[in-house]
Amino acid sequence: MIIDIHVHPPAVPAKRSLIGTPGETAARMLAAADRAGINALCILGRFWPYPDEEGIRQINDATLALVRSRPDRLYGLCFLNPTLPARFLLAELDRCLDAGLRGVKLEYEVNARDARLDPILKKVTERGVFLLHHAWYKTVGKCAHESDPSDIAHLAERHPRAQIVMAHLTACGMRGVLDIQGFENVWVDTSGSQPFSGMVEYAVNKLGSDRVLFGSDAPIRDFAAQLGRVQGAQLTEAQRRRILGGNAARLLKLDAGRLSQ
Amino acid sequence: MTPGFIDVNVSLGTWPFMDFRIQTAAALAKHLAAEGIAQAWVSAVEPILFTDPDVHDEQLFSSLARFPSLFPVKTINPLLGGWRASLERALKVHRVRRVKIHPNYHQFALNDPRVDAMAEELVRRGIPLLIQMRVEDERNQHPLMQVPGVPAETVSDLAANHPALKVVALCAYRGEAATLVAGRRNVWVDLSFIECQDTLETLCGEIPADRILFGSNTPFLYTRPAVMKVTHAGIAARIRTSVACGNARTLGSRIAPKMDEIL
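Residues numbered from 1 in each chain as written. Chains lettered and ligands numbered in written order. Predicted model: local features only at pLDDT ≥ 70, side-chain atom pairs only at ≥ 80, totals over all residues. Heavy atoms only, no water.

Colleague: Tell me about the interface of chain A and chain B, and name the residues and values.
Modeller: Listed by partner, the interface residues are 35 residues for chain A and 30 residues for chain B. Buried surface at the junction of chain A and chain B, summed over both partners, amounts to about 2,800 Å²; 53% is from carbon and sulfur atoms. When the buried area of chain A at its contact with chain B is split by residue, A:R35, A:T139 and A:Q194 rank highest and sum to 22% of it. At the junction of chain A and chain B, the tally comes to 3 salt bridges. For A:R221, the salt bridge identified is with B:E195, shortest N-O distance 3.2 Å. Applying the counting criterion to the chain A and chain B interface returns 23 residue pairs in polar contact (both at pLDDT 80 or more). Every element with two or more residues in the side of chain A that touches chain B is listed here: helix 1 (22–36), helix 6 (169–181), helix 7 (199–207) and helix 8 (223–231) of chain A. The element that contributes the greatest number of residues to the side of chain A that touches chain B is helix 8 of chain A, accounting for 8 residues. The residue makeup of the side of chain A that touches chain B, split by class, is 18 nonpolar, 11 polar and 6 charged. (Contact = heavy atoms within 4.5 Å. Buried area = accessible area lost by both parts, 1.4 Å probe. Salt bridge = Lys/Arg side-chain N within 4 Å of Asp/Glu carboxyl O. Polar contact = N/O pair within 3.5 Å; in protein donor to acceptor, adjacent residues only side chain to side chain. Helix = DSSP H or I, 4+ residues; strand = E, 2+ residues; numbered from the N terminus. Nonpolar A, V, L, I, M, F, W, Y, C, P; charged D, E, K, R; others polar.)

Colleague: Break down the layout of surface pockets for me, with residues and values.
Modeller: Space inside the largest pocket adds up to approximately 730 Å³. Lining the largest pocket are 29 residues, and of these A:G173, A:M174, A:R175, B:F17 and B:N140 lie nearest its centre. Elements supplying a minimum of two residues to the lining of the largest pocket: helix 6 and helix 7 of chain A. Considered class by class, the residues forming the lining of the largest pocket number 11 nonpolar, 8 polar and 10 charged. Lining the second largest pocket are 28 residues, with A:H8, A:R46, A:E107, A:D217 and A:I220 positioned closest to its centre. Looking at side-chain class alone, the lining of the second largest pocket contains 12 nonpolar, 7 polar and 9 charged residues. (1 Å grid on protein atoms, 1.4 Å probe; cavity = no way out; pocket = protein on both sides within 12 Å on 5 of 7 lines; lining within 4 Å. Points joined across faces, edges and corners; volume = space filled by probe spheres on them.)

Now the structure itself:
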C-alpha cells in the first residue's frame, strides 16, 4: 500500500474553495494518484495564507468533506494559523480530530520557534496525533516566519513526546537531516525542490527508514515523478515499503488489515 | 511500453555540493540501461567550475569511448581563447557531435559577439547547442555560491538571431518553457526541471510536444522521476514515444545527417 503523506487539495485561492464539489475534487485527485499507483492520500488543507477563524473553519470543513467523500482512500489534517487566539485553535483542533481528521498541518504563518505553537503541540501530544510542519533551507526566496529544519529541531526539543513530520527532505538537504537526527520524535517526508540524487538514501542512513515518509506535494508536483524519488533510490524492499506506506500507516493509525489490502 | 529513452541531459564527474554515487562511465552506462535509457548525451561536470573545459573533457571522452550508448558532449566557454581549436579536436579526435555552454557559471551574456561567433561555427558544422539553464534549484544553493539561472528571454533571442542553430535548453522551469519555445522552430526543452501535476500532459498543452525532449539531469537528480513523468503520463503512446526518444532522434538527424551515424 502506497500512502502519500503530503498532498494539497486542488483549490481556487481567490474563491477560497475547492475546484468542484468535494466528490469531484476527490475523484480528480484519486484519478491522478491511480496513474502513479498511489493508494491513499493525506490532505493538508490551506488554500490561502493567513486565514482568519472563519477561513480556518472553511478550510477544515473542505478537508473533512473531501475525506468523507472517499473515507477508504483519503485522510486529512487540520490546518491551523497559530497567529489566531489559542482558545480558538484548540477548540478547532478538537472539533477536527473528533470529526475524523488525523493530525495538524502548519505552514509558515508562524515560525516553529514561536511559543504560540506550544499549546497546539501539547494538544497534539495529548491526543496522540501528529504535526506535519513545512520546512526548507532557502538561500533565496525565504518567506517571513518560514521555518527551517533547525527551527523544527527546536520545536521537537520543546515537545519531545510530540510526533512531528518535517516536510520537504530534498529542500532541507543534508543539513536539515542532521538538524533533526537526534530527535527521535521527528520524521521527514520526501517532497521538496528537485529530486536530488542520494538524498533518500542519506536520510535513511542518518535517520533510519522508520523516520522517512513518502510525500509528493501534489498537485504542485507530479505524483509519479515524486514516487520516482523513492522507487529510484537504492533501498532494500523492506526500507522502501516502510517509506512508501508502513510509516505513514502508523502515524495515521490505519489498521493492519487495511494496510495489507 | 515506452521504447528506449534518449536522455539529452546527463553528466559525469564530481560536484562539490553533492555526493554522486555514479563515478565511472561503466557505472553510468549500467545505471542508465537499468532505467531503460538506450542513449545518453553526457557532459563533464567539472568544466562548470574549472577554467579550461578541455582538461576534464579529454578524460570524459576517453572514459566514454568504450560505451556506444554514451554520446560525449563538449563544453565550450566562448570567452576563452582557443575554443575553436578545442572544438576542432573534439570533433575530429573524439567524434563529438554536441556542444554545451554554461552562460551563468562562465559569466557571459548570450548577446556577446563571441557567442554569436560560436553559434555561427556550430551552424556551419551542424552541431546543436545545449544551454544549461541551471544545475541546481536556486533556492537550495550554497549561500556563498549563488548563481542565477540563465534568463530564458536571452536564449530565445539567441535562437532568433541564429535561426539555423538548434538550441536545447536544459533544466528550464515550466514557467520558462513557453518563453523559450514561443515562435521559435529551433528551440527544444528537456523535462528534468519541469514538474507539476500530470507534468507531460500539462506541458503538451502549453508548448508543442515535438519540442519536448527527455532529460533526467542524472546524476544531479535521480533518473527515475524523469522516466516516470513519461511512462505514467496519461497521453497518447505516440506522444510518449516522441518525448522519450523520437524528438531527440529527429533533432539529431536534422542537425547532422551525415555525421551522426548512430542517431
